Amino acid sequence: MKKNGILNSEITKVLADLGHTDTIVIADCGLPIPPSVKKVDLALAFGNPSFLDILNLLKDEMVIEKVTIATEMEEKNKMLYKEITESFPAIEKVSHEKFKEKTKQAMAIIRTGEATPYANIILHAGVLF
């Protein structure tokens, strides 16, 4: 049994398999998930677990080189946009439609119970060296 960190075995496996530039998506409960991408469904109820709960856990476990968000987040979810821009120095912004296209290349999409607009992020794996 793991002693600390993320206990979810699916997420732990995805993290262990990441290489440089591979991506993981953290999604709200409404983001469409492409059938070809592994879905790790953590959604229990609206708001539970929250997007930030999962993002904060992954920040502790993963080397993140940059993130991608939808440009719409800046206007439609100002609180989350502020949190992300304060947490990550390298941010790529794309339209929500382009964001959904980019999710097709993800190693996995972690679906949360988040129920606020545009609460989605693509985490790009970095390296420790």
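To be clear, the structure that these remarks concern was listed above.
**Q** Can you help me understand the overall build of the protein chain in this one?
**A** Regarding its fold elements, the protein chain presents 5 helices and 6 strands. Taken from the N to the C terminus, the helices and strands of the protein chain come in the order α-β-β-α-β-α-α-β-α-β-β. Its C-alpha atoms give the protein chain a radius of gyration of 14 Å, near enough to 14 Å, the size a compact globule of 129 residues would have. Residue burial in the protein chain is summarised as follows: out of 129 residues, 41% are buried. Within the protein chain, contacts between residues separated by at least 24 positions form 84% of all contacts whose residues are at least 6 apart in sequence. When the accessible area of the protein chain is evaluated, it comes to approximately 7,200 Å², of which 53% is carbon and sulfur surface. Computing the positive centroid from 16 side-chain charges and the negative centroid from 18, the protein chain places the two 2 Å apart.

**Q** Please explain the side chain of T103 as it appears in this structure.
**A** Mapped onto the elements of the fold, T103 is located in the loop between α5 (96–102) and β5 (108–111). By relative accessible area, T103 is classed as buried at 0%. Within the structure, T103 has its side chain in polar contact with the backbone oxygen of K100 (distance 2.6 Å).

**Q** Help me out: how do you make sense of the pairing of strand β3 (residues 64–70) in this one?
**A** Two faces make up the sheet, and in a regular strand the side chains alternate between them. Direction of pairing for β3 relative to strand β6 (residues 121–125): antiparallel, over a ladder of 4 bridges. Paired with V67 across the strands is L123, a residue of β6. Across 4 bridges, β3 lies against strand β4 (residues 91–94) in parallel orientation. Looking at the pairing, T68 lines up with E92 of β4.

**Q** Can you walk me through helix α1 (residues 9–17) in this structure?
**A** The periodicity of an α-helix, 3.6 residues per turn, causes residues three or four places apart in sequence to face the same way. Those residues of α1 that fall on the buried side of the exposure criterion are I11, V14 and L15. In an axial view of α1, the angular spread of the buried residues amounts to 100°, which keeps them on one side of the axis. Across α1 from its buried face, at more than 90 degrees, point the exposed residues S9, K13 and A16. Against β1 (23–27), β2 (38–41), α2 (51–61) and β5 lie the buried residues of α1. A distance of 3.0 Å separates the backbone nitrogen of E10 from a side-chain oxygen at the start of α1, and that oxygen is part of N8.

**Q** Mind showing me how you'd approach the packing of α2 against helix α4 (residues 78–87) here?
**A** Where α2 contacts α4, the two axes come as close as 12 Å, and the packing angle between them is 10°. Judged by the inter-axis angle, α2 sits roughly parallel to α4. Seen from α2, the contacting residues are F51, L52, L55 and K59; seen from α4, they are M79, L80, E83, I84 and S87. Tallied by class, residues from the contact of α2 with α4 come to 6 nonpolar, 1 polar and 2 charged.

Criteria and cut-off values
- Residues numbered from 1 in each chain as written.
- Predicted model: local features only at pLDDT ≥ 70, side-chain atom pairs only at ≥ 80, totals over all residues.
- Heavy atoms only, no water.
- Helix = DSSP H or I, 4+ residues; strand = E, 2+ residues; numbered from the N terminus.
- Rg over C-alpha atoms; globule rule 2.2 N^0.38 Å.
- Buried < 20%, exposed > 50% of the residue type's maximum accessible area, 1.4 Å probe, protein only.
- Contact = heavy atoms within 4.5 Å.
- Areas by Shrake-Rupley, 256 points an atom, 1.4 Å probe, with all protein chains shown as cover.
- Lys, Arg positive; Asp, Glu negative; His and termini not counted.
- Charge placed at Lys NZ, Arg CZ, Asp CG, Glu CD.
- Polar contact = N/O pair within 3.5 Å; in protein donor to acceptor, adjacent residues only side chain to side chain.
- Pairing = 2+ DSSP bridges.
- Arc of directions from axis to C-beta.
- Axes fitted to C-alpha atoms, helices over the stretch in contact; angles between N-to-C directions.
- Parallel < 35°, antiparallel > 145°, perpendicular 65-115°, else oblique.
- Nonpolar A, V, L, I, M, F, W, Y, C, P; charged D, E, K, R; others polar.

Everything listed here is a matter of geometry and, on its own, says nothing about what the molecule does.
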